[in-house]
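# Architecture at a glance
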Amino acid sequence: MNSPDADGLLAEQLLRLTRRLQRSQKRLLEPVGITPAQSRLLRTVAHYEHPPRMADLAERLEVVPRAVTSLVDGLEAAGRVRRVADPTNRRVVRIELTDAGRETLRALRSARRAAAEDILAPLTVDQREVLGGLLSALVDHVPERRC
């Protein structure tokens, strides 16, 4: 069993690694002209089979709807998304990727791969596989909620 100090050290290492990955991604995103938050929204829109509603995006991103509105405004001004009317309800607005948005996603994937490669460079293929399994176990674990 790990001591509390060992667990604290491990948590600190994970936080440092996360910050390093975020800095690397931010540096690689600068030439694309997009913020990390806009990048996340763009990737989220792309995961939907049909253009999502703003409320769907806010829920998926776990943010307030106003935050989504601001992000969409910026992405729309850059021509990466557009607001479209729902075909079944004119009052509902959906967000759809444009060709420029799809091109930006390709650039984002490339930047993310480069950032990950930079972080993972010291590891062998086998070590990366073990790390992937360990991270999956942590990410997929849903702790019990206590009252």
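Before going into details, it helps to say that this report is about the structure given with it. (Residues numbered from 1 in each chain as written. Predicted model: local features only at pLDDT ≥ 70, side-chain atom pairs only at ≥ 80, totals over all residues. Heavy atoms only, no water.)

Moving on to helix H6 (residues 125-140). For H6, spanning 16 residues, the distance from its first C-alpha to its last is 22 Å, which sits close to the expected 22 Å at 1.5 Å a residue. Burial analysis of H6 places just zero of its 16 residues in the buried class, a small minority of the element. (Helix = DSSP H or I, 4+ residues; strand = E, 2+ residues; numbered from the N terminus. Expected span 1.5 Å × (residues − 1). Buried < 20%, exposed > 50% of the residue type's maximum accessible area, 1.4 Å probe, protein only.)

This part covers the side chain of Gln38. Along the polypeptide, Gln38 turns up in helix H2 (residues 36-47). Residue classification places Gln38 among the buried residues on the basis of a relative accessible area of 13%. Those residues within four positions of Gln38 in sequence are excluded, and the remaining contacts are Leu71, Gly74 and Leu75. (Contact = heavy atoms within 4.5 Å.)

Our next topic: the packing of H2 against helix H4 (residues 65-77). Look at H2 against H4: their axes get within 10 Å of each other, and the N-to-C directions meet at 90 degrees. It follows from the interaxial angle that H2 and H4 lie roughly perpendicular. The residues of H4 that touch H2, namely those facing Ala37, Gln38, Leu41 and Leu42, are Val68, Leu71, Val72, Gly74 and Leu75. Its residues placed into classes, the contact of H2 with H4 shows seven nonpolar, two polar and no charged. (Axes fitted to C-alpha atoms, helices over the stretch in contact; angles between N-to-C directions. Parallel < 35°, antiparallel > 145°, perpendicular 65-115°, else oblique. Nonpolar A, V, L, I, M, F, W, Y, C, P; charged D, E, K, R; others polar.)

With 22 residues, helix H5 (residues 99-120) extends 32 Å from end C-alpha to end C-alpha; this agrees with the ideal 32 Å at 1.5 Å per step. Along H5, the residues that are buried comprise Gly101, Thr104, Leu105, Leu108, Ala111, Ala115 and Ile119. Along the axis of H5, the buried residues cluster in a sector spanning 130 degrees; they form a single face. Exposed side of H5, more than 90 degrees from the buried face: Asp99 and Arg113 are the residues found there. (Arc of directions from axis to C-beta.)

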